[in-house]
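What follows is each chain in one-letter form.
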Amino acid sequence: MRPPGIPDLRSLLRSAPFVALLVVAGVLSFRYHQLLLSQRASIEHTYQVLTTLESTLVHAIDAETGQRGFIITGDDRYLEPYDRALAQIAPLANRLRTLVSDSAVQQRRVDRLEYAVALKLAELHATVQARRTQGLEAARTLVLRDEGKRTMDEVRAVVAEMRDAESQLLAQRNAQAHATERWLLAITLACTALSVLARLGLAMIARFHVSRAALPAAPATGAS
């Protein structure tokens, strides 16, 4: 005889679909949550690329600003932004290359950017040295060759190309993350509803089992 309070095999089989639904919903919820975390990490990564691009451009502009101030005044204090830029540009280029290591197209753009920045820094160095050793007119002559303008235009063009590519990627990743968030919300609501239904179903099964156990046993029939 089965001990009282312990459901029989049929009762367990009846409750199995409710339990299975909860397990499936829980697994789906977990997987979508992991997917959302991954997508958010990708979005943060794209923002890092954009930030590094902007920092590279800002430092190139700062270097040019310091050069111009020094050429006009001959005062070394105006070279402070130039010196800071020289210290920061190389690490930024290395960081940028690492960040876009998963994209061959962006890697080629980093090559172009590094080359353009190197040309720009070489032009700045030449004009600064000319101003320091030969005077204002010699530095002015170098500036009027427009090499600095051409290289700076190239720096801006490459940064703009990379920024546009990353912005498009960011829009795609944001759209994917929003879609995943909607699915995760739907699955969460479904899990809640399934949990309620499962509890009701299991309660009905338990009540049915108790009701059957409470029924009086059928009288035994014997020979008259």
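So, a few notes on the structure that sits alongside this text.

Conventions and cut-offs
- Residues numbered from 1 in each chain as written.
- Predicted model: local features only at pLDDT ≥ 70, side-chain atom pairs only at ≥ 80, totals over all residues.
- Heavy atoms only, no water.
- Helix = DSSP H or I, 4+ residues; strand = E, 2+ residues; numbered from the N terminus.
- Buried < 20%, exposed > 50% of the residue type's maximum accessible area, 1.4 Å probe, protein only.
- Contact = heavy atoms within 4.5 Å.
- Areas by Shrake-Rupley, 256 points an atom, 1.4 Å probe, with all protein chains shown as cover.
- Salt bridge = Lys/Arg side-chain N within 4 Å of Asp/Glu carboxyl O.
- Axes fitted to C-alpha atoms, helices over the stretch in contact; angles between N-to-C directions.
- Parallel < 35°, antiparallel > 145°, perpendicular 65-115°, else oblique.
- Left-handed = near helix turned anticlockwise from the far one by under 90°.
- Nonpolar A, V, L, I, M, F, W, Y, C, P; charged D, E, K, R; others polar.
- Polar contact = N/O pair within 3.5 Å; in protein donor to acceptor, adjacent residues only side chain to side chain.
- Core = buried A, V, L, I, M, F, W, Y, C linked by side-chain atoms within 4.5 Å.

Counting its regular elements, the protein chain contains five helices and zero strands. Tracing the protein chain from N to C terminus, the helices and strands come up as α-α-α-α-α. By the burial criterion, 31% of the 224 residues in the protein chain qualify as buried. For the protein chain, restricting intrachain contacts to residue pairs at least 6 apart in sequence, the fraction spanning at least 24 positions comes to 80%. Taken as a whole, the protein chain presents about 14,400 Å² of accessible surface, with 62% of it coming from carbon and sulfur.

It is worth spelling out the pattern of salt bridges at this point. Overall, the coordinates contain 13 salt bridges when judged by the stated rule. Its salt-bridge partner being Glu161, residue Arg109 comes within 3.5 Å of it at the nearest N-O pair. With Arg109 in helix α3 (residues 104-133) and Glu161 in helix α5 (residues 147-214), the pair connects residues that are 52 residues apart, well separated along the chain. Ionic pairing is found between Glu123 and Lys120, a salt bridge with its closest N-O pair at 3.2 Å. Within this pair, Glu123 and its partner Lys120 are both found in helix α3, separated by three residues, close to a single helical turn. In this pair, the class of Glu123 matches that of Lys120, namely buried. Several salt bridges share partner residues, and in doing so they unite Glu64, Arg68, Lys120 and Glu123 into one network.

Turning to the packing of helix α2 (residues 80-99) against α3, a few remarks are in order. Axis angle and axis distance: for two packed helices, these are the angle between their axes and the distance between the axes, and together they describe the pair. For the pair α2 and α3, the least separation of the axes is 11 Å and the interaxial angle reads 165 degrees. The angle between α2 and α3 falls in the class roughly antiparallel. Where α2 crosses over α3, the handedness of that crossing is left-handed. In this structure, α2 contributes Tyr82, Leu86, Ile89, Ala93, Asn94, Leu96 and Arg97 to the contact, and α3 contributes Gln107, Val110, Asp111, Leu113, Glu114, Val117, Leu121, Leu124, His125 and Val128. Of the residues that constitute the contact of α2 with α3, the class distribution is eleven nonpolar, three polar and three charged.

With respect to the helices and strands, Thr52 occurs in helix α1 (residues 9-73). Owing to a relative accessible area of 3%, Thr52 belongs among the buried residues under this scheme. Ignoring anything within four residues of it in the chain, the contact list for Thr52 reads Leu92, Arg95, Leu96 and Leu99.

In this fold, Thr56 is placed in helix α1. Within the local environment of Thr56, its side chain forms a polar contact with the backbone oxygen of Thr52, the two atoms lying 2.8 Å apart.

Here we come to the nonpolar core. Ranked by internal contacts, the top residues of the largest apolar core, which has 25 residues, are Leu53, Leu96, Leu113, Val155 and Met162. The set of elements that each furnish at least two residues to this core consists of α1, α2, α3 and α5. The greatest single-element share of this core, amounting to seven residues, is contributed by α3. Excluding residues within four positions of it along the chain, Leu113 makes contact with Leu53, Thr56, Leu96, Val155, Val158, Val159 and Met162. Core analysis: the second largest hydrophobic core is formed by six residues, Leu36, Leu50, Ala177 and Leu184 among them.

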